[in-house]
Every structure is written in structure tokens, then in C-alpha cells.
Amino acid sequence: MERWYGKVVVVTGASAGIGAAISAKLVENGLQVVGLARRLDKLQDLETQLQNRPGKFHPVQADITNEDDLNRAFAWVKNNLGTLHILVNNAGVAKPATLLDGNTELFKQVLETNVLALAVATREAVKIMRENAEEGHVVHINSTTGHRIPNVPLMNVYYASKYAVTALAETLRMDLRRVGSKIRVTSLSPGLVETDMVNDFLTAGVVGKLIEAAPKLHPEDIANALVYVLGTPPHVQIKELIISPTGSE
Ligand SMILES: NC(=O)c1ccc[n+]([C@@H]2O[C@H](COP(=O)([O-])OP(=O)(O)OC[C@H]3O[C@@H](n4cnc5c(N)ncnc54)[C@H](OP(=O)(O)O)[C@@H]3O)[C@@H](O)[C@H]2O)c1
């Protein structure tokens, strides 16, 4: 990880769960971490926790589904830190409903956050990365459900959104290769992780009981996996990393 010391990374959804753990781990490794999320108070709490470490955490409030917010956030990165080396597309939502009864606004929120905002953030980040000739890396926090659909109800368009992330990672890799870019692309796909997203489903009847009983990963496990992915030499590209809790299907 030494070569990333002092480099700039944007982490979306840094206010909680996996994004907060990733941000903390990257600050420990000496990176300048720009954390995006809607809840500024949570980002500021993390900034306080991460003071006097090798790197620095910079909170930037942004709703990633709002293109103006995203543009403002990337402009902040350029104006204050000069450039960008890594993007971690982590922000994501899942809302309990079936495809039979979920409302359109709920479907839109999941697809706009997990798919569209990820594509827009990637485009803007890659623009900045390509302005300098240095190394770059885009990591999508995907899911095992972006590769195989489990028999767990109430996930409506969530699994479709993660299959889209699988496709977006592969398409981005091809687009970058066509223009001769050396920016690496990784899809990092966790199984169940103990976070607020999972907790939101615990009260949702049958799915709550399934989730409660299932083995789970910790957010730090995903942060450690990201450090491994970033730490590989520049000629090595981990395209896909699937991490499941031991004992899961
Ligand atoms: N937990 C799991 O079991 C699991 C498994 C596989 C994959 N994943 C994926 O891992 C990623 C992180 O999930 P998590 O489990 O850590 O969930 P989480 O604890 O609920 O955190 C989600 C993060 O996304 C942010 N976010 C949501 N909508 C946003 C928006 N419109 N604009 C900006 N930020 C937004 C939230 O911040 P604000 O609310 O402050 O905006 C929060 O920081 C997601 O992509 C999820 O699909 C999770």
C-alpha cells in the first residue's frame, strides 16, 4: 500500500457501514480520503475519530443521486486536493418490498442510487484520473447477489441493481482499455455484512429471521479486502473478488 500514501480517494457512502470502515482503513494507510454521504453529522463524527492518523478524512455532503451534488463534490476534490487516484463506489440502498407491491418511488431510489449514480460518479472520477498520467483504480462495492440470486424475499429491484453493477464494471474495463488507459477496475462482491442496511430488514418478518440466523461478515473484512485489491502491483488487475461469510451457502 506504500505507493498509495498521500494519494486521493473518494469513497461514496462513507457515513456508515462498509464505507465508514473502508474510509478508516484508508486513512490508517495514509490516504487523503474524501467521504461522500447525505448525513454530514455522521461524516463529521468520523472525521473527528480519524484525527492525528497517517492520512486525513475530508467530509463532503452529497446526495449521489443528485448530479449537481456529485459535480460539486468532484469539483471540491479538484480544487482542494488537485487530483484523484481511486474511486470506491460504495453507497447503496436496499428497501424491503416485493416486485408485486413495491411502489415506483422505492424502485427508482434503489436503481438511481445503486446503478445510475454509480455510473455518473465513475464518469466524473475517471475524467479527473485521466488528466494526470498516474495510476488509477475504480472499485465498485457490488454483492454476491450481483452474480447469483438467493431465495430471499423483499429485495425487489436490489438484485437487478447489483447485476447491473457487474455489467458496469466489465463495460468500464473495456471502455478504458479501448482508450489505452491503465486505470484498473475491480468489482468487490461481499455476502451478508453486519451493517445498518441488514438491520433495516430485521423487522421485516420472514426475511428478518433468515438474516438474523445467517452468518455475517464485518465491515472491516471488506475494508481489508479492498486494501488487498489496491495493494497488488499495477500490472495486476483483480477483476472480481467474492467474499462470503464462512458457513454461508
Ligand atoms: N450489508 C450487506 O450485507 C451488503 C452485502 C453486499 C453488498 N453490500 C453493498 O455494500 C454497500 C454499502 O452498504 P452497507 O451495508 O454499508 O449499508 P449502510 O450501512 O446502510 O450504508 C450505506 C451508505 O450509503 C450511503 N448512501 C445511501 N444513499 C445515498 C445517497 N443517495 N447519496 C449518498 N450516500 C448515500 C449512506 O449514507 P447517508 O445515508 O448518510 O447518505 C451510507 O453511508 C452497498 O452498495 C451495498 O449494496 C452490502
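For the structure itself, consult the block above.
First things first, this report covers the structure right here in the doc. (Residues numbered from 1 in each chain as written. Predicted model: local features only at pLDDT ≥ 70, side-chain atom pairs only at ≥ 80, totals over all residues. Heavy atoms only, no water.)

Some remarks on the sheet that holds strand β5 (residues 137-141)
Item 1. Strand order across the open sheet formed by 7 strands is β3-β2-β1-β4-β5-β6-β7, with parallel pairing between neighbours. The sheet terminates laterally at β3 (56-61) and β7 (240-243), the two strands that pair on one side only. For this sheet, the mean inter-axis angle between neighbouring strands, taken without regard to orientation, is 15 degrees.
Item 2. One ladder, built from 4 bridges, connects strand β4 (residues 86-89) with β5; its direction is parallel. Within β5, the residue paired with L87 across the bridge is V138.
Item 3. Contacts between helix α1 (residues 17-28) and the sheet are confined to β1 (8-12), β2 (32-37), β3, β4 and β5, with β1 contributing the most and set at about 165 degrees to the helix.
Item 4. Sheet strands in contact with helix α2 (residues 40-49) are β2 and β3, and its direction is about 170 degrees off that of β3. (Pairing = 2+ DSSP bridges. Helix = DSSP H or I, 4+ residues; strand = E, 2+ residues; numbered from the N terminus. Axes fitted to C-alpha atoms, helices over the stretch in contact; angles between N-to-C directions. Contact = heavy atoms within 4.5 Å.)

Details of the packing of helix α3 (residues 67-81) against helix α4 (residues 104-131)
Item 1. Closest axis-to-axis distance for the α3/α4 pair is 11 Å, and the angle between their directions is 25 degrees. By the angle between their axes, α3 is roughly parallel relative to α4. Crossing of α3 over α4 shows right-handed handedness. From α3, E67, L70, N71, F74 and K78 reach across to α4, where they touch A117, V120, A121, R123, E124, A125, I128 and E131. (Parallel < 35°, antiparallel > 145°, perpendicular 65-115°, else oblique. Left-handed = near helix turned anticlockwise from the far one by under 90°.)

Details of the site of the ligand
Item 1. Neighbouring the ligand are 31 residues; S15, R38, N90, Y158 and T195 lie closest to it.
Item 2. Within the backbone of N90, one N or O atom sits 2.8 Å away from an oxygen atom of the ligand.
Item 3. Here the ligand, which alone exposes 890 Å², has 95% of that area covered by the protein.
Item 4. Those elements that place two or more of their residues in the shell around the ligand are α1, α5 (158-178) and α6 (196-199).
Item 5. The element that contributes the greatest number of residues to the shell around the ligand is α6, accounting for 3 residues.
Item 6. Broken down by class, the residue content of the shell around the ligand amounts to 15 nonpolar, 11 polar and 5 charged. (Near = heavy atom within 4 Å. Polar contact = N/O pair within 3.5 Å; in protein donor to acceptor, adjacent residues only side chain to side chain. Areas by Shrake-Rupley, 256 points an atom, 1.4 Å probe, with all protein chains shown as cover. Nonpolar A, V, L, I, M, F, W, Y, C, P; charged D, E, K, R; others polar.)

Let's talk about unusual backbone geometry
Item 1. Although it is not a glycine, N52 sits at a positive phi angle of roughly 60 degrees.
Item 2. Residue placement: N52 occurs in the loop between α2 and β3.
Item 3. The class of N52 is exposed, set by a relative accessible area of 80%. (Buried < 20%, exposed > 50% of the residue type's maximum accessible area, 1.4 Å probe, protein only.)

Some words on the nonpolar core
Item 1. Ranked by internal contacts, the top residues of the largest apolar core, which has 34 residues, are I22, L26 and L188.
Item 2. With 7 residues, helix α8 (residues 219-231) is the largest single contributor of residues to this core.
Item 3. If you look at the next biggest cluster of nonpolar residues, it comprises 27 residues, including V10, L36, V138 and V185. (Core = buried A, V, L, I, M, F, W, Y, C linked by side-chain atoms within 4.5 Å.)

Examining the pairing of β3
Item 1. Summarising the sheet, β2 and β3 pair through 6 bridges and their orientation is parallel. The residue of β3 that forms the bridge with L36 is V60.
Item 2. A crossover connection joins β2 to the parallel β3 through α2; in handedness this β-α-β unit is right-handed. (Right-handed = clockwise from strand over helix to strand, strands pointing away.)

Remarks on the pattern of salt bridges
Item 1. Using the criterion set out here, one finds 12 salt bridges in the structure.
Item 2. With its nearest N and O atoms 3.1 Å apart, the salt bridge here joins E67 to R123. Remark: R123 occurs in helix α4 and E67 occurs in helix α3; sequence separation between them is 56 residues.
Item 3. On the basis of relative accessibility, which here comes to 42%, the residue E67 falls in the partly exposed class. (Salt bridge = Lys/Arg side-chain N within 4 Å of Asp/Glu carboxyl O.)

Re the side chain of H85
Item 1. Looking at where H85 falls in the secondary structure, it is placed in the loop between α3 and β4.
Item 2. On the basis of relative accessibility, which here comes to 4%, the residue H85 falls in the buried class.
Item 3. What H85 contacts, discounting residues up to four positions off in sequence, is W4, K7, V8, M129, E134, E135, G136 and H137.

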